[in-house]
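# Topology and contacts: notes
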Amino acid sequence: MGSLYHLTPVKAALVCGAALALSLAAGCSKSGQETPQAQRATIEQLAQKTGCTLIGKRDSKELKQGQCKTSAGRYVLVSFTDDKGRDAWLTEAKPWGGTYLVGPGWVAVATPQILETLRKDLGGSIVHGDQHGVGDKNGGHGPGHSGG
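Residues numbered from 1 in each chain as written. Predicted model: local features only at pLDDT ≥ 70, side-chain atom pairs only at ≥ 80, totals over all residues. Heavy atoms only, no water.

Before going further, it helps to examine the overall build of the protein. Looking only at helices and strands, the protein features four helices and seven strands. When the helices and strands of the protein are listed from N to C terminus, the series reads α-α-β-β-β-α-β-β-α-β-β. Expressed as a percentage of the 148 residues in the protein, the buried residues total 44%. Considering only intrachain contacts with a sequence separation of at least 6, the fraction spanning at least 24 residues in the protein is 54%. (Helix = DSSP H or I, 4+ residues; strand = E, 2+ residues; numbered from the N terminus. Buried < 20%, exposed > 50% of the residue type's maximum accessible area, 1.4 Å probe, protein only. Contact = heavy atoms within 4.5 Å.)

See the structure below:
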């Protein structure tokens, strides 16, 4: 019997879509605001808090994903039925690189600058995927994390 969170073709496509959206993202950051406590939320609630209208929504049994474009930039929102599903998704996504804003039951995917802006509205912790540069001591494949 396989794990409930084993990467199915649908989930693999969603992970790849989030990674692709990261490469398309661009934005700026705000300053002088206090970071709120992250709350469990659906992608619709996250979108409302960040002032976006979701486009390209996709649903599966374990997660929902949608894309946003606001004055802050482009980003992907993903919500999960539970934190175990979120953690499994992050485990599969992080080797592809990227930067993630992680809250209870949800993840936002974008550039670090956009995520810092979103963090001021949503709370959460910034998590970095594996680095794929040629100059690091791990041969270009090293993990990284920061957050609060």
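This part takes up helix H2 (residues 43-50). Among all positions of H2, only Ile43, Leu46, Ala47 and Thr50 are buried. Taken around the axis of H2, the buried residues stretch over an arc of 100°, which confines them to a single face. (Arc of directions from axis to C-beta.)

Turning next to the pairing of strand E5 (residues 106-110). The element E5 is largely enclosed, with a buried count of five among its five residues. Of the two faces of E5, the one carrying Trp106, Ala108 and Ala110 and the one carrying Val107 and Val109 are both buried. Once strand E4 (residues 99-103) ends, the chain turns through two residues before running back antiparallel as E5, passing Gly105 with a positive phi of about 80°. (Pairing = 2+ DSSP bridges.)

Inspection of the entire model under this criterion finds one disulfide. Across a sulfur-sulfur distance of 1.9 Å, Cys52 and Cys68 are joined as a disulfide pair. Here Cys68 lies in strand E2 (residues 63-70) and Cys52 lies in the loop between H2 and strand E1 (55-59), a separation of 16 residues in the sequence. A single burial state applies to Cys52 and to Cys68, both of which are buried. (Disulfide = S-S within 2.5 Å.)

Counting residues in hydrophobic clusters, the biggest one holds 19 residues, and the most contacted among them are Leu54, Cys68, Tyr75, Leu77, Leu101, Leu115 and Leu118. Looking at this core, the element that brings in the most residues is helix H4 (residues 112-122), giving four residues. What Leu101 contacts, discounting residues up to four positions off in sequence, is Trp106, Val107, Ala108, Leu115, Leu118, Arg119, Leu122, Gly123, Gly124, Ser125 and Ile126. Membership of the second largest hydrophobic core comes to 12 residues, among which are Leu63, Ala93, Tyr100 and Val127. (Core = buried A, V, L, I, M, F, W, Y, C linked by side-chain atoms within 4.5 Å.)

The residue Gly97 is located in the loop between helix H3 (83-93) and E4 in this model. Given a relative accessible area of 5%, Gly97 falls into the buried group. Separated by 34 residues in the primary sequence, Gly97 and Gln131 have C-alpha atoms spaced 5.8 Å apart.

Here the protein shows a mean pLDDT of 78. Residues at 70 or above account for 66%. Scored below 50 in pLDDT, residues 9-13 makes seven contacts in the model with residues more than four places away or belonging to other chains. (pLDDT = per-residue confidence, 0-100.)

On to the pattern of salt bridges. A full pass over the atoms with the stated rule returns five salt bridges. Glu44 serves as the salt-bridge partner of Lys57, at 2.7 Å between the closest nitrogen and oxygen. With Lys57 in strand E1 and Glu44 in helix H2, this pair connects stretches of sequence that are 13 residues apart. The exposure class of Lys57 is partly exposed, given its relative accessible area of 41%. What makes Glu44 partly exposed here is its relative accessible area of 28%. (Salt bridge = Lys/Arg side-chain N within 4 Å of Asp/Glu carboxyl O.)

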